[in-house]
Structures are given as C-alpha cells and as structure tokens.
Amino acid sequence: MPDQHHAMPAAELLALDRQHVWHPYGPMPGRQEPLVVSSASGVRLRLAEPSQGQDELVDGMSSWWSAIHGYNHPVLNEAVTDQLGRMSHVMFGGLTHEPAVRLAARLVEITPPGLEHVFLADSGSVSVEVAVKMCLQYWRSIGRPGKTRLLTWRGGYHGDTWTPMAVCDPEGGMHELWSGILPRQLFADVPPSGFDAPLDPAYVDHLRSLLSAHADELAAVIVEPVVQGAGGMRFHNPGYLRVLRELCDEYDVLLILDEIATGFGRTGALFAADHAGMTPDVMCLGKSLTGGYLTLAATLCTERVANGISRGAVPVLAHGPTFMGNPLATAVALASIDLLLGQDWQREVKRIEAGLQEGLAPARNLPGVRDVRVLGAIGVVQLTHEVDVAAATRAAVREGVWVRPFRDLIYVMPPFVTGDGDVARICRAVCAAAEEG
Ligand SMILES: *Cc1c(COP(=O)(O)O)cnc(C)c1O
C-alpha cells in the first residue's frame with residue numbers, strides 16, 4: 001500500500017515530537033525515540049520508515065487491550081463513516097440519540113444481570129471516578145455519610161486521574177510519588193496468584209477482617225476481576241470475586257469491578273465477572289469497548305445504587321462530560337460488540353490461548369525468566385529483573401513484532417483476529433525480548 005498521506009518526513013516529525021510532545025509515562029524530552037506509524041491494517045502496524053529491517057510490525061498489544069478486531073476493520077470503518085454522515089457529536093444534556101441509547105441497552109443486556117443503568121464517560125479513568133462518586137453519593141444519600149473510604153487489594157491499576165491513583169498499588173506502582181497527598185485508602189494483600197489455584201482460606205479471612213473492622217467507613221471495595229493488568233499482570237481465582245460479593249453484602253459495602261482491561265472476551269469469558277457468576281454493584285468498561293477506535297468508557301450500576309442516589313437530598317449524579325455519549329464512539333462501540341458476538345469469539349480466544357501456551361513455553365527455560373503465564377488471549381513472561389525496555393523492544397522489532405514491556409514484564413494481548421502464524425511470531429519475539437531485555 002503506497003503511503004501518500006505522510007507528507008512530513010519521519011526525521012522532521014521525530015524532531016518535532018522530541019521538542020514538543022509528551023508520551024505516556026515519559027520525561028520531556030522522551031528517553032527513547034518512538035517509532036512513527038503511518039497506517040495500520042488487520043494486525044499490522046506500518047512504519048513510516050523501516051526499523052531493524054522491518055517496515056511492518058504485528059501488534060502484540062492491541063494498542064493497550066483495545067483493538068480486539070485489529071485495525072482498519074471494514075465493518076467498524078463503516079459504522080464510523082455512516083455516523084459521521086449524520087452527526088459526529090451533539091451534547092447529551094437535554095438531548096439523546098440512537099447510538100448512545102442502543103449501546104446502553106446492549107451493555108445492560110450482555111453484562112451480568114442486575115446492572116441496569118449506564119453512565120457514558122470519556123475514558124477508563126473517568127469511569128472509575130464516576131463509579132467512586134456513585135458509591136460515595138449512595139451512602140450520603142441514604143444517610144450514612146461516614147462511608148467514604150475504599151478498599152482494594154495490592155497489585156491493582158485503575159487509571160491515572162486522582163481517585164483511581166489512590167487505589168493503584170501504593171508501592172512499585174507509578175504513583176508512589178504521591179503517597180501522603182492522595183487520600184489514604186485501605187489495602188488488602190495482593191490476591192494469591194493463579195487462576196486455577198485453590199482458594200486460600202487465610203486470604204479469605206484477611207479480607208473478612210479488613211471488611212469487618214472498617215465496615216462503618218467503607219463506601220466500596222474496588223478491584224480488577226481475575227486479571228490485574230498494569231499493576232503486575234497477575235491472575236487469580238475467580239472465586240475471590242464471589243467471596244468479595246458475600247463479604248460486601250454481609251458488611252454493607254458496595255462492590256465495584258473495574259473490567260476496563262478484562263471486558264469483552266479477553267480472559268476467555270465475555271466479562272471476568274462471568275467466570276464467577278456474580279454481579280457487582282458497579283462495573284467499569286472501557287478500552288476494547290469501541291474496538292480501539294475511539295475513546296469511550298461506561299460505568300454501569302444496579303437499581304439499588306441508582307435509586308439510592310436519586311432519592312437523596314441532592315437527587316442527581318453531578319457528572320456530565322462535554323463529550324458524553326459521543327455519537328461516533330457509541331456507534332462504533334455498538335458495531336464492535338455486534339462484530340464480537342456475531343462470531344465464535346470464545347473459539348478465537350481459546351485458539352490464541354493455545355498458541356500463546358505453546359509459543360511462550362520455551363521462555364520458561366531462558367535464564368532470567370521467573371514465570372510464564374497465559375490466560376485467555378493474554379500472555380505474560382515475567383523476568384527476574386527490570387526489563388531493559390529499549391533492548392527488549394529492539395529484539396521484538398527485529399522479529400517483526402510490537403510489544404511494550406514494563407517493570408519486569410514482557411506481556412502480550414493480541415487482537416482476536418491474529419492468525420496462528422502471527423501468534424507464533426509474537427511468541428518468538430517475546431522470547432527474543434526476554435533473552436535480550
Ligand atoms: C487502562 C485501565 C484504566 C484506565 O483507563 P484509561 O482509559 O487509560 O483512563 C483503568 N482501569 C484498568 C483496569 C485499566 O486497565
């Protein structure tokens with residue numbers, strides 16, 4: 001495919017980038033030169049100029065969990081252009097429109113039973129802000145304003161705005177700079193590792209003792225279900241979600257599940273909560289909600305939470321982002337959900353899971369590798385040391401694959417449309433990155 005679009009030479013673009021543009025979690029100017037992507041299609045990113053002899057990279061990251069159907073998908077493109085011809089945006093205060101209404105109804109239909117109401121937010125972090133606001137306001141509204149704190153387990157990640165930061169892992173995370181300034185929330189130990197590991201009664205007791213000791217001040221428990229993502233790529237037994245559900249009911253605390261990374265099939269269930277057959281009081285969705293096309297997130301809640309808020313002294317949820325319910329984003333989200341559910345997505349995720357199991361197994365024997373784990377379409381190689389990100393990235397790019405390691409982790413979550421050959425290639429690249437990083 002000729003690339004007529006990129007008029008600016010890559011060298012010039014990179015110079016301006018270095019001069020002016022912040023990149024995620026980076027200093028200014030950045031430490032590492034980014035790769036310039038000129039277009040993307042299927043599972044491939046096309047580079048403006050070759051790197052390590054490659055002009056295309058298979059994307060092992062789904063652009064941070066989001067591009068589950070790959071790039072430039074004809075069905076998703078059509079959903080956006082179709083909506084673009086009608087209206088790209090209209091305010092949501094006092095107005096409504098079909099894509100937002102249909103999306104909300106669809107989310108209620110496919111998420112665990114009991115989640116009935118949908119607040120559309122513009123990013124995952126904002127949906128977590130809204131979830132916490134809902135819970136705090138619920139208790140205030142029903143006359144228990146002392147319930148304002150949050151409980152989570154260590155090793156979590158919930159976003160980068162202020163409220164989510166306070167429930168990210170307080171150590172080793174990206175936010176330790178702010179300890180002492182962030183609100184002090186309650187932290188349980190990291191949940192015992194292993195999707196298939198039996199429930200640890202001592203850990204269940206530990207959760208119970210925290211909930212019983214702090215029930216009067218706790219508004220909500222917030223956790224990532226089954227997979228802790230950016231806090232360390234750990235998996236745990238879904239049974240802990242049922243334990244949390246029971247404890248929250250017993251001690252009158254609300255339960256928020258942050259499914260921003262796990263939602264829409266990534267772990268092998270449509271939602272991670274489905275592994276446990278339970279319903280949270282509040283659920284956050286984001287990332288792959290739009291198939292990676294546009295930024296959109298959603299906070300869903302039960303009748304109980306909505307009614308509590310709406311019967312309070314201030315009977316409104318005072319939140320309303322300018323771009324709430326954006327028509328382009330909601331239209332493409334609907335199309336992405338239809339595309340996902342219109343195929344045998346479980347088979348695709350299982351197929352990728354098997355490919356990752358097989359392809360990453362050799363990494364177990366590499367020096368400097370502590371652990372290799374796979375769940376659904378997620379593969380993780382954990383090293384015994386901090387990854388040399390530049391060296392690991394170079395090694396993967398040489399194999400024609402894009403990965404973005406962090407801390408001691410080289411991890412992948414490929415688009416569900418990744419073919420077996422490309423899954424194998426991603427695995428070879430991860431092994432090479434583990435060897436050299
Ligand atoms: C990415 C992520 C967020 C934050 O979402 P943004 O859209 O980046 O604000 C929150 N929670 C989890 C579990 C995430 O993976």
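Everything that follows concerns the structure shown earlier in this document.
This is a predicted model, so every value here is computed, not measured. (Residues numbered from 1 in each chain as written. Predicted model: local features only at pLDDT ≥ 70, side-chain atom pairs only at ≥ 80, totals over all residues. Heavy atoms only, no water.)

Draft legend 1. Seen up close, the overall build of the protein. When helices and strands are tallied, the protein shows 14 helices and 16 strands. Taking 22 Å as the expected radius of gyration for a compact globule of 437 residues, we find that the protein reaches 22 Å, a close match to that expectation. Dimensions of the protein along its principal axes, counting C-alpha atoms only, are 65 × 55 × 45 Å. Here the protein holds 437 residues, and the buried ones make up 54% of them. Summarising the internal contacts of the protein: among those between residues at least 6 apart in sequence, 71% fall at separations of at least 24. Per element, the accessible surface of the protein, about 18,600 Å² overall, is 53% carbon and sulfur. Put simply, the protein has 34 plus and 49 minus side-chain charges, and the middle of one group is 2 Å from the middle of the other. (Helix = DSSP H or I, 4+ residues; strand = E, 2+ residues; numbered from the N terminus. Rg over C-alpha atoms; globule rule 2.2 N^0.38 Å. Buried < 20%, exposed > 50% of the residue type's maximum accessible area, 1.4 Å probe, protein only. Contact = heavy atoms within 4.5 Å. Areas by Shrake-Rupley, 256 points an atom, 1.4 Å probe, with all protein chains shown as cover. Lys, Arg positive; Asp, Glu negative; His and termini not counted. Charge placed at Lys NZ, Arg CZ, Asp CG, Glu CD.)

Draft legend 2. Expanded view of the side chain of Arg245. Summarising the element assignment, Arg245 is placed in helix H8 (residues 239–251). When near neighbours in sequence (up to four residues on either side) are disregarded, Arg245 contacts Val253, Leu255, Met278, Thr279, Pro280 and Asp281.

Draft legend 3. Geometry of the packing of aromatic side chains. This model, assessed by the stated rule, comprises five aromatic pairs. Look at Trp162 and Trp178: their rings are 5.4 Å apart centre to centre, the planes differ by 65 degrees, and that puts the pair in the edge-to-face class. Remark: Trp178 occurs in the loop between helix H6 (162–165) and strand E6 (186–188) and Trp162 occurs in helix H6; sequence separation between them is 16 residues. Judged by relative accessible area, Trp162 falls into the partly exposed class, the value being 38%. Residue class for Trp178 comes out partly exposed when judged on its relative accessible area of 32%. The cationic tip of Lys147 hangs over the ring face of Trp139; the distance from NZ or CZ to the ring centre is 4.5 Å. (Phe/Tyr/Trp six-rings, centres within 6.5 Å; stacked < 30°, edge-to-face > 60°. Lys NZ or Arg CZ within 6 Å of the ring centre and 35° of its normal.)

Draft legend 4. Here's a closer look at helix H5 (residues 124–141). Helix length check: H5, at 18 residues, gives a terminal C-alpha distance of 25 Å against a target of 26 Å (1.5 Å per residue), a fit within 8%. The buried count for H5 comes to 14 of 18 residues, which makes it a mostly enclosed element. (Expected span 1.5 Å × (residues − 1).)

Draft legend 5. Spotlight on the sheet that holds strand E3 (residues 54–59). Taking strand neighbours across the sheet as the criterion, the four strands line up as E1-E2-E3-E15 in an open arrangement whose pairing is mixed. The sheet is open, and its two edges are formed by strand E1 (37–41) and strand E15 (401–402), each paired on a single side. When strand E2 (residues 44–51) meets E3, the two strands line up antiparallel, connected through four bridges. Note on E3: the bridge partner recorded for Leu45 is Leu57. Against the sheet, helix H14 (residues 420–436) engages E2, E3 and E15, with an angle of about 100 degrees to E3. (Pairing = 2+ DSSP bridges. Axes fitted to C-alpha atoms, helices over the stretch in contact; angles between N-to-C directions.)

Draft legend 6. Representation of the site of the ligand within the structure. The full set of residues close to the ligand is Ser123, Gly124, Ser125, Tyr157, His158, Gly159, Glu224, Asp258, Ile260, Ala261 and Lys287. Within the contact set of the ligand, an oxygen atom lies 2.8 Å away from a backbone nitrogen or oxygen of Gly124. The contact in question runs from a nitrogen atom of the ligand to an N or O atom on the side chain of Asp258, over 2.6 Å. The protein chains hide 83% of the 380 Å² of surface that the ligand would expose on its own. A per-class count over the shell around the ligand returns three nonpolar, five polar and three charged. (Near = heavy atom within 4 Å. Polar contact = N/O pair within 3.5 Å; in protein donor to acceptor, adjacent residues only side chain to side chain. Nonpolar A, V, L, I, M, F, W, Y, C, P; charged D, E, K, R; others polar.)

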